[in-house]
Every structure is written in structure tokens, then in C-alpha cells.
Amino acid sequence: MSNSIYGIALSGLNAAQAGLATTSNNISNSNTVGYTRQQVVQQARAATSSGDGILVGQGVNVQEVTRMYSDYLNSQLQQASSDAAFYDSKSTMIGKIDSSIGDSSSGLSTALSDFFAASQAVSANPADLSARQNFLSTSDALAARFNSLNNVMDGIRTAVNQSVNDSVTKINDAVNQLATLNKQIVAAKSASSTGSSPNDLMDQRDKLISDLAGQVQVTRVNLSDGSVNLFLSNGQPLVVKETPFKLAAQVDPSDPQNLLVGSLATINGQQRLITYDSNTLGTGALSGLLQFRDQELAQYQNTLGTLAAQVGNQVNAVQAAGVDLNNAAGQPIFSFAGSTNGLSNIAKVVSNQYNSTSNPTNASITQVDYSKLTGVDYEVRIIGGAPQYREAGSTQAFQPVPVVAGSYQIQDAKGAAILSFNLSNAAPSEGDSFVLMPSRDGAANIQLSLKDPSAIAASSTTNPSVGNNENMLAMNNLQSTRLLNQANGASGASISDAFNQLVSKVGNKVREIKVAGEAKNAVLSQITQQTDGLSGVNMDEEAANLIKYQQAYQASSKVISLSKDLFNQILSIFN
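Residues numbered from 1 in each chain as written. Predicted model: local features only at pLDDT ≥ 70, side-chain atom pairs only at ≥ 80, totals over all residues. Heavy atoms only, no water.

Thoughts on the overall build of the chain
So, point 1. The number of helices and strands found in the chain is twelve helices and 24 strands.
So, point 2. Computed over the C-alpha atoms, the radius of gyration of the chain is 37 Å, more than 25% above the 25 Å expected from 2.2 N^0.38 for a compact globule of 575 residues.
So, point 3. Overall size of the chain, expressed as C-alpha extent along the three principal axes, is 145 × 55 × 35 Å.
So, point 4. With 575 residues in all, the chain has 45% of them scored as buried. (Helix = DSSP H or I, 4+ residues; strand = E, 2+ residues; numbered from the N terminus. Rg over C-alpha atoms; globule rule 2.2 N^0.38 Å. Buried < 20%, exposed > 50% of the residue type's maximum accessible area, 1.4 Å probe, protein only.)

Here it is as C-alpha cells:
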């Protein structure tokens, strides 16, 4: 029958029917997210010889129903999705800092101006108790503004950590589903007599990979059995055929305020996290969050802490140099969490939780030159029996720490001391590490200590009269004195200028991220349009296909009818 007119027509009927079914499926899924347009692939049957030796065609076979899909466009779309999500995640978080730190009602500029205006009012009328009370009120408001901004940054850090945890959960969910889909796709292909691909399952997998690429940059490797392998940009596997490899998020052993991301491994009998930072994760929302937290947020919060520390310490130093209305030496105006010394409640040291317990070592910061700080923390590690250091979060090589006056001293490029620290153990264990945070808690802990307006030391010790304002003039001079940003021999900046530089730095970074994000999203939009042009359902094209396959179906039906008539005529000859 297959080499008869009837068989040929029947093959055409079946092909047209497959075309109509595929076209109908395309139309039905025109609004299905992730659906890839399908197309019937037909192949002519091999011709056979007629009785006189002429080769005659024998109809058509439906070879497969294939997806309109491009590996190249798909890989470009994955990368563009990762790049755009990287900048989108950073933009969302840094925008929160910009809106707070640059706002006149929540930033520091107004509070600093009010503080020095009140100081000038006291210098103009040193004995005026109302002016003195206003100075204390503006001092309290300035400390509260530091506290508020630090709370904003702590809140952003918490939000980033939650987003990091959510991202890891999404990645792990996707990895599990992808491993399952790999198994289903391989089984479906094996069960097919023609090895046809299960298009709907492959669409689901591609949609999952696209969503995954938004979270973290991945490299895809297609295998001949229909499965795919996925790897992080650092080469670590996420999915290998039917096996998922999950990420983990754990508290940073060197900074409990942060979450680290990596893979769990057993080292020396203990389960440890092999960490991945933004440099090894490439792009994607997760990498953007980690980079923002470890670079921009850490630097901005440290800079704010440095400002608070220098304001508190310098104001207290001027206050200590004078006498109050009772001819008593000036007492501190500011304290840090109740401590007028302040260092222990401004600077902090975090020991790595994996440090040796059999040979414990503690580190303590003994001195900090806040005028030399640049907003970075320092990682100290015991290497070769002695401490070496580098900037926290950096991939640079560790450097030896010189010993000066019996303490370890971290210096700037000009050899000036930035901070000094001591170790409690003369023979610390190899590999133990610490993070030195010289100003992390400055803005969090600054508070008003002085409550009595008569205790403001407006007079100098050389002329301790009620109307003397010499010491208060020195307080006024703090507004223009270069007290910050003097690292590496720089001329430095005043307190107000340093804060304005911080606002400018944040604003410039916001614009930088915005411009880069817009460029990456434009690329994503362009590639998405190209992909939709190939894989998306075009209703006009599908309508034309319906007519084409309908006509083919009708024509094949007509041939079948004709074949029946011819067969009946042959039978009638013998009747």
C-alpha cells in the first residue's frame, strides 16, 4: 500500500495533519513564557522503480518536530541576563545609601553646619547658658545623625545578606530541577524510536537556565544524550547530567555581620565552606550583591565611622584643653558606647572562628591614626610564624607587618603609621587570622556624654575667665582644619569636606552603575528581540501555515478519494 497512490496520499495527509497540530500548538502557546516555536521537518521518501525502470516518488515522512532555537543566541542571552542582573542588584542597594546620605534631612551636612553654628554662638557669648545648651543639643543631634546613618547601612547590610540567602536558595532550587529535567529528557529521547527531543521539557530547562543566569553567571555544555552540564565561571560544577551541586550560605567566620557563599567540603575531618567571592562568580545578581556589600558598603560605613571617630576625638581634645564656667578642666563632650577613651568601641577585631583552640591567640588594636584611614579593613594572617596583612576582601599578596615600639604597625605607602596592634601569643598558630576594623563602630557608638551646659570649656587655661572664648575659637577652627584623608602624604580634608567627598563618591558610583546597567540592559533587550524573532510565535506566520497545511490536507484527501474511484473502476471491469 505504501508504494500506491493511496499510500502516497496517506503520507501527505499525515504530514499535513502533523503540520496543523504543530501550528495549533504554537498558536496555543503564543503567550507561554519560555515557549520556543516548533516546526515540522519533512523528508521525502525514497523513490522506487516502476515496471519500466522509472523512479517514482513514494510520498513524505515526518522526520521530527524541532524547536526554532539557536545555541549561539541562547549563550548570548544567558551572558546578557547575568550582566544586567549584576548591575541591577547593585543599583537597587546603592540607591538606598544615596537617598539617605545625600538627603538634607537625613544626611550629615545640616547637622555639621548646625553644630559649628552653635559653637560660634558660644564663642560669641561664652557665658550665655542658652547658647551653651543649644551647643549641647546640636552635639546630641549630630551624634544621633551618625547613629541614624549607621543604622541605615546596617539595615542595608541585613537586606543584602537576606538577598544573598534568597539568591542561593533560588540557585539550589533551579539546580535540583535542572538535574531532574536532565534525567527526564535523556529518558524521553531513549524511549523515542527516532530519538526525537522532548521539546516541552527542553523549553522548561532553557527557561530555568535563563532564570539561573540572572542569579549567577553559568557556562553551559550540551551533551549528546540531550542532557546539559552547568558550571560557575570559576569552573565549579552546578549540574553534571543528573547530579546537582548545591551552593551554601554561611556566616562569615571573620565577620559575623556577613554571609559567605561557597561549596561545602570536608577538610581535616571538619566541614568547611570553600568560599566564592564576586571576582570568582563573574556576574549575576548574587555577585552584584556580594561585591556591593564587600566593597562599596564596607567602605562607606567605615568612612562614616572614621568621620564620627574623628569628630568625637577632636572635639573632646579641644574640650580637654580648656576650662568650664566653674574653672574646672573640660570633660569629654562625646563618648563611644559610654567610653570616653573610645578606641575599644570604635575599632574592633574579629578572630576567625576556625583559629586554633589548642593554642589560642587574640589580637587587639592599640592605636589608630584616624586621619590616615581610607575606609578599608585589614586581614591579618599568621604566615611563617609571624603576622602578615592585606586589605580585607582583596586578592593581593600578604605583606609582612613591621614591629615598631613593641607593637605591630600597619603603615601607608609613605611609611606613616595607620594603626598598631598586639597579639596575645608570642607563638601563634600557623594560619590563624583576624580582621582589624579600625572604625567600623564609630558612627554606631558615638553619643553625647556631657549634659551640663556650664561644663563646656569655652575658656583657655591661660585665661580662665567667664567671658573668655579662646578655647571655643579653637572648637570653631575644627570646621576648616584638615583632619581626615591624609594617607600617603595627602594634604587631607576637613570634616565637612570629607563628608561631602563621601556624598560625591556615592553619587558618582550611583551614576557609574546606572550608566553601566543601562548599557547592559540595552544589550539584553537587543538579544531578547533577536531571540524572540527566531523562537517566538508570529501569529501572522502561523495563520499562513494553517492555510498551507489545510490546503495540503484537502489535496491529499482528494488524492485518496481519487485512488478509491480508480480502484472501484478496476473492480468493475471484472464484474
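Additional details are given in the paragraphs that follow.
Focus on the pairing of strand β9 (residues 248-252)
So, point 1. As paired elements, β9 and strand β10 (residues 255-267) share five bridges and run antiparallel to each other. The partner of V251 across the bridge, within β10, is L259. (Pairing = 2+ DSSP bridges.)

Observations regarding the sheet that holds strand β20 (residues 407-411)
So, point 1. What the four strands build is an open sheet, ordered β15-β21-β20-β19; its pairing is antiparallel. The two strands at the open ends of the sheet, each matched to only one other strand, are β15 (363-368) and β19 (403-404).

Some points on the layout of surface pockets
In this approach, a probe sized like a water molecule rolls over the atoms, and the result shows the empty space that is left.
So, point 1. Looking at the largest pocket, its volume works out to about 1300 Å³.
So, point 2. If you go around the largest pocket, you meet 46 residues; those closest to its centre are D252, L260, E379, A392 and G393.
So, point 3. Elements that contribute at least two residues to the lining of the largest pocket include exactly β9, β10, β11 (270-275), α6 (278-281), α7 (285-320), β16 (378-383), β17 (386-391) and β22 (433-437).
So, point 4. Considering each element in turn, the lining of the largest pocket owes the most residues, eight residues, to α7.
So, point 5. In terms of residue class, the lining of the largest pocket is made up of 14 nonpolar, 18 polar and 14 charged.
So, point 6. Roughly 440 Å³ of volume is contained in the second largest pocket.
So, point 7. Surrounding the second largest pocket, 19 residues form its lining, G34, L77, S210, T531 and D532 being those nearest its centre.
So, point 8. Elements that contribute at least two residues to the lining of the second largest pocket include exactly α2 (71-101), α5 (199-215) and α11 (495-535).
So, point 9. For the lining of the second largest pocket, the element with the most residues is α11, which contributes six residues.
So, point 10. Residues of the lining of the second largest pocket, tallied by class, amount to six nonpolar, ten polar and three charged. (1 Å grid on protein atoms, 1.4 Å probe; cavity = no way out; pocket = protein on both sides within 12 Å on 5 of 7 lines; lining within 4 Å. Points joined across faces, edges and corners; volume = space filled by probe spheres on them. Nonpolar A, V, L, I, M, F, W, Y, C, P; charged D, E, K, R; others polar.)

Structural notes on the sheet that holds strand β14 (residues 348-351)
So, point 1. Strand order in the open sheet formed by five strands is β14-β22-β16-β17-β18, and the pairing between neighbours is antiparallel. Bordering the open sheet on either side are β14 and β18 (399-400), each of which pairs with just one other strand.
So, point 2. Across six bridges, β16 lies against β17 in antiparallel orientation. For E379, the partnering residue across the bridge sits in β17 and is R390.

A closer look at empty space enclosed by the protein
So, point 1. All chains considered together, the criterion is met by one cavity of 30 Å³ or more.
So, point 2. Of the voids in this model, the largest cavity is the one considered here, and its volume is about 40 Å³.
So, point 3. In this structure, the largest cavity is lined by N74, L77, Q78, D206, I209, S210 and R220.

Looking at the nonpolar core
Within soluble globular proteins, side chains that are nonpolar tend to cluster in buried spots.
So, point 1. Formed by 104 residues in total, the largest nonpolar core has its most connected members in F146 and L238.
So, point 2. Among the elements that line this core, the one with the most residues is helix α4 (residues 129-191), at 19 residues.
So, point 3. Apart from the residues within four sequence positions on either side, F146 is in contact with L108, L304, L307, A308, V311, A443 and I446. (Core = buried A, V, L, I, M, F, W, Y, C linked by side-chain atoms within 4.5 Å. Contact = heavy atoms within 4.5 Å.)

A closer look at the packing of aromatic side chains
Geometrically, a pair of aromatic rings is defined through the distance of the ring centres and the angle of the planes.
So, point 1. Overall, the coordinates contain six aromatic pairs when judged by the stated rule.
So, point 2. Ring centres of F115 and F135 lie 5.1 Å apart, and the angle between their planes is 40 degrees; on these two criteria the pair is classed as tilted. Highlighted residues: F115 in helix α3 (residues 109-124) and F135 in helix α4, separated in sequence by 20 residues. Of the two residues, F115 and F135, neither departs from the other in class, the shared state being buried.
So, point 3. Connected via pairs of aromatic rings, a cluster forms that spans F115, F116, F135 and F334. (Phe/Tyr/Trp six-rings, centres within 6.5 Å; stacked < 30°, edge-to-face > 60°.)

A short note on helix α12 (residues 539-573)
So, point 1. For α12, spanning 35 residues, the distance from its first C-alpha to its last is 51 Å, which sits close to the expected 51 Å at 1.5 Å a residue.
So, point 2. Listing the buried residues of α12 in full gives E542, N545, Y549, S556, I560 and S563.
So, point 3. Of the surrounding elements, those touching the buried residues of α12 are α1 (5-28) and β1 (38-44).
So, point 4. For α12, the side-chain oxygen to backbone nitrogen distance between the N-cap and D540 is 3.0 Å, and the N-cap itself is N538. (Expected span 1.5 Å × (residues − 1). Polar contact = N/O pair within 3.5 Å; in protein donor to acceptor, adjacent residues only side chain to side chain.)

Observations regarding the environment of S4
So, point 1. Secondary-structure assignment places S4 in the segment before α1.
So, point 2. A relative accessible area of 24% means that S4 is categorised as partly exposed.
So, point 3. S4 sits 559 residues away from S563 along the chain, and the two C-alpha atoms are 8.8 Å apart.

A look at the packing of α3 against helix α10 (residues 470-477)
So, point 1. Relative orientation of the contacting elements α3 and α10 amounts to 160 degrees, with a least axis distance of 9 Å. Classed by the angle they form, the pair α3 and α10 counts as roughly antiparallel. α10 is crossed by α3, and the crossing has left-handed handedness. Judged by residue contacts, F116, S119, Q120, V122 and S123 of α3 engage M472, L473, M475 and N476 from α10.
So, point 2. Taken together, the residues of the contact of α3 with α10 sort by class into five nonpolar, four polar and no charged. (Axes fitted to C-alpha atoms, helices over the stretch in contact; angles between N-to-C directions. Parallel < 35°, antiparallel > 145°, perpendicular 65-115°, else oblique. Left-handed = near helix turned anticlockwise from the far one by under 90°.)

Digging into a nonpolar patch on the surface
So, point 1. Judged by side-chain polarity, I5, V559, L562 and L566 come together as a nonpolar surface patch covering roughly 320 Å² of accessible area.
So, point 2. For the nonpolar patch, the element with the highest residue contribution is α12, accounting for three residues.
So, point 3. Among the structural elements, L566 can be located in helix α12.
So, point 4. By relative accessible area, which is 36% here, L566 ends up partly exposed. (Patch = residues over 30% accessible without salt bridge, like charges linked within 9 Å, V, L, I, M, F, W, Y side chains within 5 Å. Areas by Shrake-Rupley, 256 points an atom, 1.4 Å probe, with all protein chains shown as cover. Salt bridge = Lys/Arg side-chain N within 4 Å of Asp/Glu carboxyl O.)

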